[in-house]
Amino acid sequence: NIPEDQADKLLLASWGLPKAVLEKYHSLGVVQMFEWQAECLMLGQVLEGKNLVYSAPTSAGKTLVAELLILKRVLETRKKALLILPFVSVAKEKKRFLQ
């Protein structure tokens, strides 16, 4: 569980993402995340590029965690990222969204 003093971590706006990225998420109705998603992002040195393995049911929000990690790392390090997706249709959807 997230401590009360870090409850703001549930809001996407508290993760230092650019305004354009936040606006895109907001247009899709995503303003905050679930506690388990924020916990994933706050584990160890995940935001510094360390590995993270997590599991959740289909449609639980796993992709949001991956997207936030990728976006933050790419924006902070100015390096490229590789996102592997299971289906061509999902890859096309994510390409449109991330552009």
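Remember, predicted model here, so these are calculated numbers, not experimental data.

Thresholds applied
- Starting afresh in each chain, residues are numbered from 1 along the sequence in its written order.
- Residue-level local features of this predicted model are given only where pLDDT is at least 70; pairs of side-chain atoms are given and counted only at 80 or more, and the full residue set underlies all totals for whole chains, interfaces and linings.
- For the side-chain quantities, the full set of heavy atoms in the structure was used; hydrogens and water were omitted.
- In this analysis, rings of Phe, Tyr and Trp, with Trp reduced to its six-membered ring, are considered paired at centre separations within 6.5 Å, and the interplanar angle assigns stacked below 30 degrees, edge-to-face beyond 60, and tilted for intermediate values.
- Counting from the N terminus, the helices are DSSP H or I runs at least four residues long and the strands are E runs at least two residues long.
- Categorising residues by exposure relies on relative accessible area from a 1.4 Å probe, with only protein chains included: less than 20% of the type maximum marks a residue as buried, more than 50% marks it as exposed, and the intermediate range marks it as partly exposed.
- Placement of a positive charge over a ring is assigned whenever Lys NZ or Arg CZ falls within 6 Å of the ring centre and within 35 degrees of the normal to the ring plane.
- Among buried residues, the Ala, Val, Leu, Ile, Met, Phe, Trp, Tyr and Cys ones that are joined through side-chain atoms within 4.5 Å form a nonpolar core.
- The contact criterion used is simple: two residues touch if any of their non-hydrogen atoms lie within 4.5 Å.

Side note on the packing of aromatic side chains
The way to describe two aromatic rings as a pair is by their centre distance and the angle between their planes. Under the defined criterion, the tally for this structure stands at 2 aromatic pairs. The interplanar angle of 40° and the centroid separation of 6.2 Å between the aromatic rings of Trp-36 and Tyr-54 together place this pair among those described as tilted. You can see Trp-36 sitting in helix H2 (residues 35-42) and its partner Tyr-54 sitting in the loop between H2 and helix H3 (62-77), a full 18 residues away along the chain. A relative accessible area of 26% places Trp-36 in the partly exposed class. For Tyr-54, a relative accessible area of 25% corresponds to the partly exposed category. Here Lys-9 stacks its cationic end above the ring of Trp-15, 4.9 Å away from the centre of that ring. Over the aromatic face of Phe-97 sits the side chain of Lys-94, whose NZ or CZ is 5.3 Å from the ring centroid.

Digging into the nonpolar core
Considering soluble globular proteins, one finds that nonpolar side chains tend to be buried as a cluster. Counting 19 residues, the largest nonpolar core has Leu-17, Tyr-25, Met-33, Leu-41 and Leu-68 as its most contacted members. Elements with a minimum of two residues in this core: helix H1 (19-27), H2 and H3. It is H3 that contributes the most residues to this core, 5 residues altogether.

Describing the side chain of Gln-37
Mapped onto the elements of the fold, Gln-37 is located in helix H2. Excluding residues that lie within four positions of it along the chain, Gln-37 makes contacts with Ala-60, Gly-61, Leu-64 and Val-65.

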